[in-house]
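Below are the chains, spelled out letter by letter.
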Amino acid sequence: MPAAILSALSQKVLEATLSIPSSGLFNKAVLHALTRCRRLLARAGDPLVRHNLAGTEIVLPVSHDLPLYRKQFPVYASNVARIASQVAAKYADLTFIDIGANIGDTAVLLRNTAHFPILCIEGDARFFAILQVNAARLQPDIHLEHSFVSSEIGRVRGRVESEKGTARLVEDETSPETVAVRTLSDILAAHPLFARSKMIKVDTDGFDCHILQSELDLLHRLKPVLFFEYAPDLWARNQEDGCGIFESLQQIGYQSALVYENTGDYLLTAELSARTLIEDIYQFYSGRLGERYADICAFHAEDADLCQTIRLAEIEFFRRQRPPFSPGASAARLLHAYRLTQRRPAPTGETPRKDDL
C-alpha cells in the first residue's frame, strides 16, 4: 500500500478512536476493531499522524499511546508542567532537563505553562527524529541531545526495545549489538547552559534509579527538583533497590516527595525519613509488571517551601477536577459498598444465587 494512503488511513483511525466514547457495548466493539487496525498499521510501517496536544499540533507514530492515555486520563502527564511553573516562579533563571524526552510531549506541555530553556535528551533514533520535528515548533530555547543516558561513557552490549510509544535500552552481555551511552555529567559539559539546572525529569523505563544513583554528586551540588518514574518491577531488571533511592536522596539533603499515580492523579506527600510509608509505596507498586507505577517529585530541604506550595496547589487542582460532593449520592455509594460486603460467597463450583447478585 502506498505510504500516502497508509498515512491518511492512520490519521482517520486515530481520529475515530479519539472521537468515540469508551462506554457502551457498541462503542467498545468499534474501539476494539480500531485498536486492531492500529496494530496492523504499526506493523505496516507505523506511519506518522498529527495530534493536538494541549493546543499544539505534534506528530507521532500511529502506535503511540499518548493520545489514548490523554483521552482516558485528561490530566495524564500534565503534573510535571504544573510543578515546573511553580519552580520557575521561585527560580527566575530556571533551566529544565528532560532525560527520555521521547517525541517532545513534555516540552510541549511545559511550554503551555511557562517559558524557560529545555534540554531534551533522547536515545532512540526514530523518536529523536520526531522530537526534532516537534521541537522546531517550540523554539527558541529548546536544545536537543541524541544520547542514551547511563552511569558510564562508552558502549554497552544490549538492544533498544520500542513499543506503544516508549523505547528502552535493555542491557544484555550476550547481545552481539552495542549501544553508545553517556553520563548526564558528560552531556551537561556539552550543554553549559544547563550546568546549574534546577529541575530534572527522568523517564527511561527502568534506568531512572540507575541514572540518579550514578549522579548523586551532581545532584548534591545542584539540588534540583527531581521528577522521575517509579516502577519497581522495571528497576528490578537492572538490580536496583526500589527503597534505596530514597535513602540515597535523603543522604544528600532531599527531604520530601510528592507521589502521583501513573494516570497523573496526585496521591500523597511523603517525608523521605518516613521509612514505613516509603516501604509501603514500594510494596504497593511492586508486582504490577509496569502496568501501574508512580511518578515521584522529590525536593531538597532548601525547597521545603516549594514542596508545600506545590502540594497545596495540587490538592486544590484535583479538588476542582472532581464532581461536587453530594451527600445523597455518597450515602448511596456507601450503602452499595456495605451490601457488597454482605454477599454470601458461592462455594467453589456452585452457581451464585440470584439474591447474591
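Residues numbered from 1 in each chain as written. Predicted model: local features only at pLDDT ≥ 70, side-chain atom pairs only at ≥ 80, totals over all residues. Heavy atoms only, no water.

The next point concerns the packing of aromatic side chains. Taken as a whole, this structure holds 7 aromatic pairs when the rule is applied. Their ring planes at 45 degrees and their centres at 6.5 Å tell us that Phe227 and Tyr260 sit as a pair that is tilted. You can see Phe227 sitting in strand 11 (residues 225-230) and its partner Tyr260 sitting in strand 12 (residues 254-261), a full 33 residues away along the chain. One exposure class covers both Phe227 and Tyr260, and it is buried. Measuring from ring centre to ring centre gives 5.8 Å for Tyr260 and Tyr266, while their planes differ by 70 degrees; the resulting arrangement is edge-to-face. Taken individually, Tyr260 and Tyr266 each receive the classification buried, so the pair is uniform in this respect. Aromatic rings pair up to connect Phe227, Tyr260 and Tyr266 into one cluster. In this structure, Arg82 packs its charged tip against the face of Phe317, placed 3.9 Å from the ring centre. Taking the ring centre of Tyr91 as reference, the NZ or CZ of Lys198 above it sits at 4.8 Å. (Phe/Tyr/Trp six-rings, centres within 6.5 Å; stacked < 30°, edge-to-face > 60°. Helix = DSSP H or I, 4+ residues; strand = E, 2+ residues; numbered from the N terminus. Buried < 20%, exposed > 50% of the residue type's maximum accessible area, 1.4 Å probe, protein only. Lys NZ or Arg CZ within 6 Å of the ring centre and 35° of its normal.)

Packing of helix 4 (residues 79-90) against helix 13 (residues 304-321) brings their axes to within 10 Å, and their N-to-C directions diverge by 140 degrees. Relative to helix 13, helix 4 is oriented oblique. Handedness of the helix 4/helix 13 crossing: right-handed. Here Asn79, Arg82, Ile83, Gln86, Val87 and Lys90 of helix 4 lie close against helix 13, whose contacting residues are Asp305, Leu306, Thr309, Ile310, Ala313, Glu314, Phe317 and Phe318. Split by residue class, the contact of helix 4 with helix 13 holds 7 nonpolar, 3 polar and 4 charged. (Axes fitted to C-alpha atoms, helices over the stretch in contact; angles between N-to-C directions. Parallel < 35°, antiparallel > 145°, perpendicular 65-115°, else oblique. Left-handed = near helix turned anticlockwise from the far one by under 90°. Contact = heavy atoms within 4.5 Å. Nonpolar A, V, L, I, M, F, W, Y, C, P; charged D, E, K, R; others polar.)

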